[in-house]
Amino acid sequence: MKNQVCSKCAEGTYSLGSGIKFDEWDELPAGFSNVATFMDTAVGSAENKADSCNNSSWTPRGNYIESNRDDCTVSLIYAVHLKKSGSVFFEYQYIDNNIFFEFFIQNDQCKEMESTADKWVKLTDNGEWGSHSVTLKSGSNILYWRTTGILMGSKVVKPVLVKNITIEGVAYTSECFPCKPGTFSDKPGSSGCQECPRNTYSEKGAKECIKCKEEIYYAEEGSSMCIERPPCTSKDFFQIHTPCDKEGKTQIMYKWIEPKICREDLPDALTLPPSGERKDCPPCNPGFYSNASSSCTPCPQGTFSDGTQECKACPAGTEPALGFEYKWWNILPSNMKTSCFNVGNSKCDGMNGWEVAGDHIQSGAGGSDNDYLILNLHIPGFKPPTSVTGATGSELGRITFIFETICSADCVLYFMADINRKNTNVVESWERSKEKQSYTHIISKNASFTFTWAFQRINEGQDSRQFINDMAKIYSITVTNAVDGVSSSCRACALGSEQSGSSCVPCPPGHYIEKETSQCKECPANTFLSIHQVYGREACIPCGPGSKSNKDHSACFSDCTVSYFKDNQSLNYDFSNLSQVGSLMSGPSFTSRGTKFFHFFNISLCGNEGKKMAICTDNITDVTLKDMVAESEDFSNFVGAFVCQSTIIPSDSKGFRTALALQSNSLADRFLGATVETTLENISIKTDLFPPSPRKVPDVHFFYKSSTVTTSCENGRATVVTMRCNPNKPDQGELSVPSSCPAGTCDGCTFYFMWESAEACPLCTEQDYHEIEGACKKGFQETLYVWNEPKHCIKGVPLPEKRTSTCETVDFWLKVGAGVGAFTAVLLIALTCYFWKKNQKLEYKYSKLVMTANSKECELPAADSCAIMEGEDNEEEIVYSNKQSLLGKLKSLATKEKDDHFESVQLKSSRSQNI
């Protein structure tokens, strides 16, 4: 240092020159500190929750340091002063997006440096170490590795691991650092130390490693001491099945777990069981044949086999149904491989993670209980059969496997998918013991897939093996429509000219194969073509109510119009103004530790030619939606559907600068129908979920289905959007979820939404308005048209314009009516008097005539002598035997004058009495 000359470091030491390196994590190195906080400010948390994070910290694990696993925010902090600009470099493992991992740098004024604008660290694949480097400015730099767990369920998050932190740009070192225990440096001027091989060890500052006495002791790579070998137990060996021999036999073999660390010569130690037991080999898997040999060979193109018989050509008019069906496990198939890895050591490198076992394949022994035991299946692409090419549905293929897990600890089985070798994402996982069950994953895009099963017995490393008998078993794996698949059966296809060496031709989109002619025929209107089979008219499935098929007959969609007929009344709805994506943020809700979060929903109700316009994305931090879409559809956290959901962590909840989205998933990718009925395709609406409508207008229910199957929803998810007419809520209206189920669902499988809007009211008709006639003024009368109140309709028939018509005034008609009435009354009085006087005279003359006739002994007198002379009085009393009415008498008189008929009457007079 006095001479200011750089010298080489001696053996057993190393130096980075102007840098420092942290690769020992047995304890927290000097200069590092932990700060744990509970960042949620919405629950009155600062004081109440502070104590809950006292035990959260980054934990040294030997070769690496591990982050917290809870929902506290923990920062690993290191402050360094640089003499010149430099950089920081570290390796990390970050596989669980339920933890947010950020790395940023502040200056001595606690202001973030510009170099950390992109502070969010990218996820890594399982078992792979990623690297991250950031440039540093000269001066003070405070480095932060900060993690925040988001515990949205019962699952335990996977921690972030960090190792080999290297900082360049510090002052030139004045000393060399000794190699840490388990490493050595055998050359002067080394910039790093090498790890000691297996069964050797070293102390601090070693120039070389010292061998252990292997008969009694052993040591792992990088050990600082030798460990005494324990007696062998049943956990130190495993069994395998050998490939079939020419006689069709397989042998059961027992092998020690490598590297072998136990001793057989100690008391109570077990020895390796005898190997060589012969058993019959299982048959070949479907699509393969034995060909009189010990191995199974794929059937040639255009042929099929069930695995027990020779390959046969498909009959005319059929084609092979390509795929893979692995249900017999004598050897590992050629498109599968197995491996083992551990994040903290290399014990199991090179080991088989899974072993074949006849009728199943099971997880292997591994080197430690926390090893990841990996099984991979590679499928280069998916292609539907020729005849199904026209069925352009969302399903190109599917993978189905039957499995079980047998565990005494917290084991986990992961099922992951890697698209086009970009990044591996967990599709589903199962914890602890699970009974034998089936799981299906739908493939919706044609890409190269690598499916991975990873089994881990426990999450934390231990020195001893305790759970080697915990295992996962897979009984069968079936993949449909695989590009390089084999065939176990044939399916009907359409016949045509030769194409690609096959007599089968692809049907145009929306066409099925007619059974009688084996020709392609278009599906009828408003039906869609099944994605599973296209043979026969039954392959065309009718669309649900209120829906129509698209041009390709690949799906049914709503054009936003719905009609309803009841009691001779027609209601027509038009939801076109609600075809844009509607959004709903429900909550807030809180985790068991008090973290605030919201449920965010996007709903694409109808229209858009059936396109799924609702989009949900994960981790909307520094990546814009446009960038996600432009990158490609392989972005796994990008979900497009009719209804999708994300969980939102608000920016004020965890101290982030922006809101975070996670757990995005599709709730609806197929439209079933729109109807006023409350049940459709076994999906029912509970009447008590939403308050009843105060209006008589019926609600319209849009039913959707999701093909995504989860462990809790074996039949997939379903969604119902209820459209309710509410004139008080114009335009987009208001979306809501049931008050009893703030997450939109009560069972996790069926989601319910209420969309209230004036746009959800039916179209207006002639029955929705009435007319009002005005008074006649100055010969004109106005007729007005007004809506019935309350108005429960929109658009449709417009309200007619005001109508004006001519009219007569009321005064004129009153005068005319009074005049006519008075004239009629006078006329009636005059006529009455005239006829009454006439009647009196006629009665008198008639009486005289009768009396005269009676006095002449009933001889009929001449007409001129019967009358009573003027001045004579009638003194006789006239007695009528019959008294007629005035009208009757008039009629009788008229009859007498015409026909000379007479009436006989009895007379009572004084003369007759005297006689």
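To be clear, the structure that these remarks concern was listed above.
Below is a short write-up of the structure.

Conventions we followed
- Residues numbered from 1 in each chain as written.
- Predicted model: local features only at pLDDT ≥ 70, side-chain atom pairs only at ≥ 80, totals over all residues.
- Heavy atoms only, no water.
- Buried < 20%, exposed > 50% of the residue type's maximum accessible area, 1.4 Å probe, protein only.
- Helix = DSSP H or I, 4+ residues; strand = E, 2+ residues; numbered from the N terminus.
- Pairing = 2+ DSSP bridges.
- Axes fitted to C-alpha atoms, helices over the stretch in contact; angles between N-to-C directions.
- Phe/Tyr/Trp six-rings, centres within 6.5 Å; stacked < 30°, edge-to-face > 60°.
- Lys NZ or Arg CZ within 6 Å of the ring centre and 35° of its normal.
- Salt bridge = Lys/Arg side-chain N within 4 Å of Asp/Glu carboxyl O.
- Disulfide = S-S within 2.5 Å.

1. Details of the pairing of strand E57 (residues 700–705)
Every regular strand shows the same layout, with side chains that alternate between the two sheet faces. With five of six residues buried, E57 lies mostly within the body of the structure. Here strand E54 (residues 670–675) pairs with E57 via five bridges, running antiparallel. In the strand pairing of E57, Thr 675 is matched with His 701. Relative to strand E58 (residues 718–725), E57 is paired through six bridges, and the arrangement is antiparallel. Counted as the bridge partner of Phe 702 is Val 721 from E58.

2. Considering the sheet that holds E57
Overall, mixed pairing links the five strands, which are arranged E54-E57-E58-E60-E59 in an open sheet. Both outer strands of the open sheet, E54 and strand E59 (734–736), are each paired with one neighbouring strand and no more. The sheet shows a mean angle of 20 degrees between the axes of neighbouring strands, direction not considered. Of the strand pairs in this sheet, E59 and strand E60 (residues 750–757) are connected by three bridges, and their pairing is antiparallel. Among the inter-strand pairings, Ser 736 is bridged to a residue of E60, identified as Met 754.

3. What to know about the packing of aromatic side chains
Inspection of every chain in the model, using the stated rule, returns 40 aromatic pairs. Aromatic side chains Phe 237 and Trp 256 sit 6.0 Å apart centroid to centroid with 85 degrees between the ring planes, which places their arrangement in the edge-to-face category. Remark: Trp 256 occurs in strand E20 (residues 249–256) and Phe 237 occurs in strand E19 (residues 237–241); sequence separation between them is 19 residues. Trp 256 gets classed as buried once you look at its relative accessible area, which sits at 14%. Among the aromatic residues, ring-to-ring pairing joins Phe 22, Trp 25, Phe 32, Trp 58, Tyr 78, Phe 90, Tyr 92, Tyr 94, Phe 101, Phe 103 and Trp 145 into one connected group. Looking at Lys 163, its charged tip hangs above the ring of Trp 129, at a distance of 4.2 Å from the centre. Taking the ring centre of Trp 256 as reference, the NZ or CZ of Lys 260 above it sits at 4.4 Å.

4. Examining the environment of Cys 232
Its place among the elements puts Cys 232 in the loop between strand E18 (227–228) and E19. For Cys 232, a relative accessible area of 1% translates into the label buried. In this structure, the C-alpha to C-alpha distance between Cys 232 and Arg 263, residues 31 residues apart in sequence, is 5.5 Å.

5. Points about the pattern of salt bridges
Across all of its chains, the model carries 12 salt bridges by this definition. Glu 66 is the partner of Arg 61 in a salt bridge, and the nearest nitrogen-oxygen pair spans 3.3 Å. Overall, the relative accessible area of 38% leaves Arg 61 in the partly exposed class. Each of Arg 198, Glu 220 and Glu 221 takes part in one network of salt bridges that share partners.

6. Examining unusual backbone geometry
Where the residue is not glycine, phi is negative for most of them; where a peptide bond is considered, it is trans in most cases. Cis geometry is adopted by the peptide bond preceding Pro 790, which originates at Glu 789 and carries an omega value of -5 degrees. Structurally, the position occupied by Pro 790 is in the loop between strand E62 (780–787) and strand E63 (803–806). For Arg 432, which is not a glycine, the phi torsion comes out positive at approximately 60 degrees. When you line up the elements, Arg 432 lands in the loop between strand E33 (424–431) and strand E34 (434–443). In this structure Arg 432 comes out as partly exposed when scored by relative accessible area, which is 49%. One non-glycine residue, Cys 560, lies in positive phi territory at about 80 degrees. With a relative accessible area of 2%, Cys 560 lands in the buried category.

7. Overview of the state of the cysteines
Counted by the stated rule, this structure contains 16 disulfides. Shown here is the disulfide that connects Cys 179 with Cys 193, its sulfur atoms set 1.9 Å apart. In this structure, the disulfide formed by Cys 179 and Cys 193 twists by about -80 degrees around the S-S bond and is classed as left-handed. Of the two residues, Cys 179 is situated in the loop between strand E12 (177–178) and strand E13 (183–184) and Cys 193 in the loop between E13 and strand E14 (194–195); the sequence distance between them amounts to 14 residues. There is a disulfide in this structure between Cys 543 and Cys 556, and the S-S distance comes to 1.9 Å. Residues Cys 543 and Cys 556 are joined by a disulfide whose S-S torsion is about -75 degrees; by sign, that bridge is left-handed. Of the two residues, Cys 543 sits in the loop between strand E43 (540–542) and strand E44 (548–549) while Cys 556 sits in strand E45 (residues 556–557), which places them 13 residues apart along the sequence. Each member of the pair, Cys 543 as well as Cys 556, carries the same accessibility label: buried.

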